[in-house]
Amino acid sequence: MNTAGHSEATAPRGLELTPFRGLRYDPDRVGSLAAVTSPPYDVVVRPDGLHQLQDADPYNIVRLILPQATTPSARNEQAADALRRWLTEGVLTADPEPALYVYEQSHSDGMLQRGLIGTLRVSEPEEGVVLPHEDVIAPVVAERAALMRATYANLEPLLLTYRGNGTAAEIVDRTAERPPLLTTTTEDGYRHRLWAITDRTDQTLVQTDLAHHQALIADGHHRWATYRRLRAEHPSPSPWDHGLVLLVDTARYPLRVRAIHRLLHGLPVTQALAAVEGLFRVRHLQVPLPEALAALADTACAGNAFLLAGDGTFHLLDRPDPALLDRTIPRDRPQAWRTLDATVLHATLLDHVWRIPEDDPTRIAYIHDTAATVRKAERGGATAVLLHPVREEVVRDLARQGVTMPRKSTSFGPKPASGLVLRALDV
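Engineer: Whenever I open this one, the pattern of salt bridges confuses me. Can you help?
Structural biologist: Enumeration according to the criterion identifies 24 salt bridges in this entry. Close ionic contact of E16 with R13 constitutes a salt bridge, the shortest N to O distance being 2.6 Å. Here E16 falls in the partly exposed class, since its relative accessible area comes to 27%. Residue classification places R13 among the partly exposed residues on the basis of a relative accessible area of 48%. Measuring nitrogen to oxygen at the nearest pair gives 3.9 Å for the salt bridge that ties R333 to D332. The exposure class of R333 is partly exposed, given its relative accessible area of 32%. Of the residues examined, D332 reaches a relative accessible area of 62% and is grouped as exposed. When salt bridges that share partners are traced, they join E104, R114, D173, R191, R193 and R252 into one network.

Rendered as structure tokens:
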């Protein structure tokens, strides 16, 4: 048998995680470490949450990841100037030696998650090393790329998962037995701890273990697409060959999967309901939000279901007309994709019934916080579309088939807090 094509030299490359000198806040220069953190840029509820974070501390990381100015170029220049100033003032300082960082999040509800923060070799989807499961919005990628170019930094890690339960996981847990570099508790009740793995032997053992694995993008598709764009712009080798990630072994620490909801601007609930009359069954629920979500969960077990809000009550949509689905959903995808709630929402409701472009920010917003989505709809005369989360195994199976889900289909968590460790490309 000819085995030349399967030699070690031509074997596919797995995950390549590299130590780096992290930028971290000097706790003596800020109000508190909790006060300078933020959720990832796309999870911040704007404008309310943005203003709250800006007011929490003059050095809050939101001033870098979501700078506020009248033009894109001014926003990027503002972030770059702030980063340079904070480095000059010593508000942010680089750790003395390259490290892989162990990051832990815990909560009184029993959640414990640990992972590794490092810089990962940027790869293309066809390599099968990092698996995306959602499409991206091109203008968002362009926006993130411009910000990274201006700051010459990766300001927040994206979240990747893999299934290993091997040497890397053992080193992560052993490292977490030592005193941490930092400990802080954010207002959402999560405790965050960080350690540095600087021992070369441990770093090599982690890298050797990870080289046999592939990862799923849990959160950060736009940042990963941005990494790929920036790597393509710069001849290799360059600092852009790698991007900042948090890598979580879900065989050891399973993530929670939540839905991402839609806020439809300019579409009152009355119009949304009138458009679906005769196409979906509609039931009106005069109940609090938790009970409405429970009804959505029960209904979603039997088929596609959505919860509409914005007029002070809830409306449960289910039992879509099979002929409508047959007309509107592409047939060139696996059945698991064709029956996703997000697929039906985008292909049938948004594209065909309500005719709302999914990438027009003036017509649609994607919001992680359920209650905030409802509040915004009620304030603005809009329609909130609440979804039930898809199971992680469905996401992973589709990703391995190379099938992407509709954008913003899932929200894996807990997400890493932004602001605990950054990467400057020139350090």
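Engineer: Before we go on, may I ask you to explain the confidence of the model for the protein chain in this structure?
Structural biologist: Close inspection of predicted coordinates is inappropriate for parts of the model with low pLDDT. Looking at the protein chain as a whole, the pLDDT averages 93, with 97% of positions reaching at least 70. Contacts of residues 1–11 to residues separated by more than four positions or lying in other chains number two contacts, the stretch itself having pLDDT below 50.

Engineer: I would appreciate a short explanation of the environment of L267 in the present structure.
Structural biologist: Mapped onto the elements of the fold, L267 is located in the loop between β14 (261–264) and α8 (269–276). Taking the C-alpha atoms as reference points, L267 and G310, separated by 43 residues in sequence, lie 9.9 Å from one another. Not counting the four nearest positions on each side in its chain, L267 is found in contact with A272, W354, I356, G381, A382 and T383.

Engineer: Just to check I follow, could you spell out the layout of surface pockets for this structure?
Structural biologist: The calculated volume of the largest pocket comes to roughly 1,200 Å³. Lining the largest pocket we find 41 residues, and of these P39, V43, E187, D188 and D369 sit closest to its centre. Looking at the lining of the largest pocket, the elements with two or more residues in it are α1 (48–56), β13 (256–258), α13 (370–380) and β20 (411–413). When its residues are assigned to classes, the lining of the largest pocket shows 17 nonpolar, 13 polar and 11 charged. Here the second largest pocket is characterised by a volume of approximately 1,000 Å³. Lining the second largest pocket are 33 residues, and of these Y41, R46, V140, E143 and P361 lie nearest its centre. Contributions of two or more residues to the lining of the second largest pocket are made by α3 (72–89), α4 (138–151) and β18 (364–367). Take the lining of the second largest pocket: its biggest share by element is six residues, from α4. Of the residues contributing to the lining of the second largest pocket, the split by class is 18 nonpolar, five polar and 10 charged.

Engineer: What's the story with the pairing of β14 in this structure? I'm lost.
Structural biologist: In summary, the side chains of a regular strand alternate between the two faces of the sheet. Of the two faces of β14, the one holding H261 and L263 and the one holding R262 and L264 are both buried throughout. Direction of pairing for β14 relative to strand β19 (residues 383–386): antiparallel, over a ladder of three bridges. In the strand pairing of β19, L264 is matched with T383.

Engineer: What is the right way to read the pairing of strand β17 (residues 314–318) from this model?
Structural biologist: Most of β17 is tucked away: five of the five residues are buried. When strand β15 (residues 281–285) meets β17, the two strands line up antiparallel, connected through five bridges. Within β17, the position partnered with R283 by the bridge is L316. Bridge count for strand β16 (residues 305–309) against β17 is five bridges, and the pairing is antiparallel. Along β17, the bridge assignment pairs A309 with F314. The hairpin formed by β16 and β17 contains four residues between the paired strands, and G310 there has a positive phi angle of roughly 140 degrees.

Engineer: Help me out: how do you make sense of the side chain of H368 in this one?
Structural biologist: Residue position: H368 is located in the loop between β18 and α13. Judged by its relative accessible area of 14%, H368 falls in the buried class. Contacts of H368, omitting those with residues within four sequence positions, involve D42, V43, A259, I260, H261, S411 and K415.

Engineer: I'm lost on the sheet that holds β18 in this one. Help?
Structural biologist: In a beta sheet, neighbouring strands are held together by backbone hydrogen bonds and run either parallel or antiparallel to one another. Judged by pairing direction, the sheet is antiparallel, and its six strands sit side by side in the order β15-β17-β16-β19-β14-β18 without closing on themselves. Either end of the sheet is taken by a strand with one partner, and the two such strands are β15 and β18. For this sheet, the mean angle separating the axes of adjacent strands, direction not counted, is 25 degrees. Looking at chain direction, β16 and β19 are connected through three bridges and run antiparallel. Note that in β19 the partner of L308 across the bridge is V385. Along the sheet, helix α9 (residues 289–300) makes contact with β15, β16, β17 and β19, crossing β16 at roughly 160 degrees. Helix-sheet contacts for helix α12 (residues 341–353) involve β14, β16, β18 and β19, and the interaxial angle to β16 is about 60 degrees.

Rules of the game
Residues numbered from 1 in each chain as written. Predicted model: local features only at pLDDT ≥ 70, side-chain atom pairs only at ≥ 80, totals over all residues. Heavy atoms only, no water. Salt bridge = Lys/Arg side-chain N within 4 Å of Asp/Glu carboxyl O. Buried < 20%, exposed > 50% of the residue type's maximum accessible area, 1.4 Å probe, protein only. pLDDT = per-residue confidence, 0-100. Contact = heavy atoms within 4.5 Å. Helix = DSSP H or I, 4+ residues; strand = E, 2+ residues; numbered from the N terminus. 1 Å grid on protein atoms, 1.4 Å probe; cavity = no way out; pocket = protein on both sides within 12 Å on 5 of 7 lines; lining within 4 Å. Points joined across faces, edges and corners; volume = space filled by probe spheres on them. Nonpolar A, V, L, I, M, F, W, Y, C, P; charged D, E, K, R; others polar. Pairing = 2+ DSSP bridges. Axes fitted to C-alpha atoms, helices over the stretch in contact; angles between N-to-C directions.

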